[in-house]
Amino acid sequence: AGASSDGLIDLGQASFNPFKNLYLAGGIYLGDNSSAANKLDDYEEGIWTPSLPNGGTLTSNTAYYTKIGRQVYLQFYLSSINATAATTAFRIGGLPFTSLAGSTYPAGTISYCADGDLSGLGLLSAQSTDYLYFHYIDGTSGLHVTNNEMRALFGTAGAGDIIASITYLTAA
């Protein structure tokens, strides 16, 4: 009858008669469509290239990301990690998106480590940066694990392997 309805009409059905594809020029509002915060207008998948910005070399076996809105999920497998002998912080750089300023320090998960023991470390993303760093989880050994400390944890230069993941927010 030409009258407006609010939240009463379904688009397709999950069990039968679903739509095949949906192409949009804009975004999708989830929930309250009057709030720009509820607009999903960005989805991206890709690969990124990890680096050691404070010196050293590594081999990137796999490094994938998925970005949904402002949330970024990284997953990576690095091997032959050989940090420079230095007292600078050990960092994994090259993140595909800079982390959000003023956010919390997102924590990641180290699911595998060969040739060393990283069980006392946490993986974190710092604010307004494009790198990850490691921190002692007991909180008593300083802010960042240094390149020298990471070399000692791996035992042999160039022998470290890490499989890990982290989720963080980006500004855009």
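Residues numbered from 1 in each chain as written. Predicted model: local features only at pLDDT ≥ 70, side-chain atom pairs only at ≥ 80, totals over all residues. Heavy atoms only, no water.

1. Some words on the overall build of the protein chain
- Of regular secondary structure, the protein chain possesses one helix and 10 strands.
- Each helix (α) and strand (β) of the protein chain, taken in turn from the N terminus, gives the series β-β-β-β-β-β-β-β-β-α-β.
- Taking 16 Å as the expected radius of gyration for a compact globule of 172 residues, we find that the protein chain reaches 21 Å, considerably beyond that expectation.
- Judged by the C-alpha coordinates and their principal axes, the protein chain covers about 75 × 35 × 25 Å.
- For the protein chain, buried positions account for 31% of its 172 residues. (Helix = DSSP H or I, 4+ residues; strand = E, 2+ residues; numbered from the N terminus. Rg over C-alpha atoms; globule rule 2.2 N^0.38 Å. Buried < 20%, exposed > 50% of the residue type's maximum accessible area, 1.4 Å probe, protein only.)

2. Digging into the pattern of salt bridges
- In total, this model carries one salt bridge according to the counting rule given.
- In this structure, K67 engages D42 in a salt bridge whose closest nitrogen and oxygen atoms are separated by 2.2 Å. Placement of K67 in strand 4 (residues 56-68) and of D42 in the loop between strand 2 (39-40) and strand 3 (43-47) is noted, with a sequence separation of 25 residues between them. (Salt bridge = Lys/Arg side-chain N within 4 Å of Asp/Glu carboxyl O.)

3. Concerning the packing of aromatic side chains
- The tally for this structure, following the rule as stated, stands at three aromatic pairs.
- Note on F90 and F134: the rings are 5.8 Å apart at their centroids and 45° apart in plane angle, and the pair reads as tilted. Pair noted here: F90 is in the loop between strand 5 (71-83) and strand 6 (91-93) and F134 is in strand 9 (residues 131-136), with a separation of 44 residues, a long-range link. Here the two residues F90 and F134 agree in accessibility, since each one is buried.
- Sitting above the plane of the F97 ring, K67 keeps its charged end 5.3 Å from the centroid.
- Here the basic side chain of R91 rests over the ring of Y131, its NZ or CZ set 4.0 Å away from the ring centre. (Phe/Tyr/Trp six-rings, centres within 6.5 Å; stacked < 30°, edge-to-face > 60°. Lys NZ or Arg CZ within 6 Å of the ring centre and 35° of its normal.)

4. Some points on the sheet that holds strand 3
- The sheet built from five strands is open, its strands ordered 3-4-5-10-7 with antiparallel pairing. Two strands in the sheet have a free side with no partner beyond their single neighbour: strand 3 and strand 7 (108-114). Shown here is a sheet whose adjacent strand axes are inclined to one another by a mean of 15°, direction ignored.
- The sheet contact formed by strand 3 and strand 4 spans five bridges and is antiparallel. Among the inter-strand pairings, G46 is bridged to a residue of strand 4, identified as Y65.
- The sheet strands contacting helix 1 (residues 147-154) are strand 5, strand 7 and strand 10 (160-169), and the helix crosses strand 5 at an angle near 75°. (Pairing = 2+ DSSP bridges. Axes fitted to C-alpha atoms, helices over the stretch in contact; angles between N-to-C directions. Contact = heavy atoms within 4.5 Å.)

5. Some remarks on the nonpolar core
- If you look at the biggest cluster of nonpolar residues, it comprises 27 residues, and the most contacted ones within it are F76, I92 and F134.
- Only strand 4, strand 5, strand 8 (121-125), strand 9, helix 1 and strand 10 provide two or more residues apiece to this core.
- If you tally residues by element for this core, the top one is strand 5, at six residues.
- Beyond its immediate stretch of four places on either side in the chain, F76 contacts W48, T62, A63, I92, L123, L132, I162, I163 and A164. (Core = buried A, V, L, I, M, F, W, Y, C linked by side-chain atoms within 4.5 Å.)

6. Re the pairing of strand 4
- By the bridge criterion, 11 bridges tie strand 4 to strand 5 in an arrangement that is antiparallel. Of the residues in strand 5, the one forming a bridge with A63 is F76.
- In textbook terms, the turn of a hairpin is the stretch between consecutive antiparallel strands, and for strand 4 and strand 5 this stretch comprises two residues, one of which, G69, has a positive phi near 65°.

7. Quick notes on the sheet that holds strand 6
- As summarised here, the arrangement of the three strands in space is 6-9-8, forming an open sheet in which the pairing is antiparallel. Where the open sheet ends on each side, the last strands, each with one partner, are strand 6 and strand 8. Across the sheet, the mean angle from the axis of one strand to that of its neighbour is 25°, orientation sign disregarded.
- The pairing of strand 8 with strand 9 spans five bridges and is classified as antiparallel. When the bridges of strand 9 are listed, L124 appears paired with Y133.

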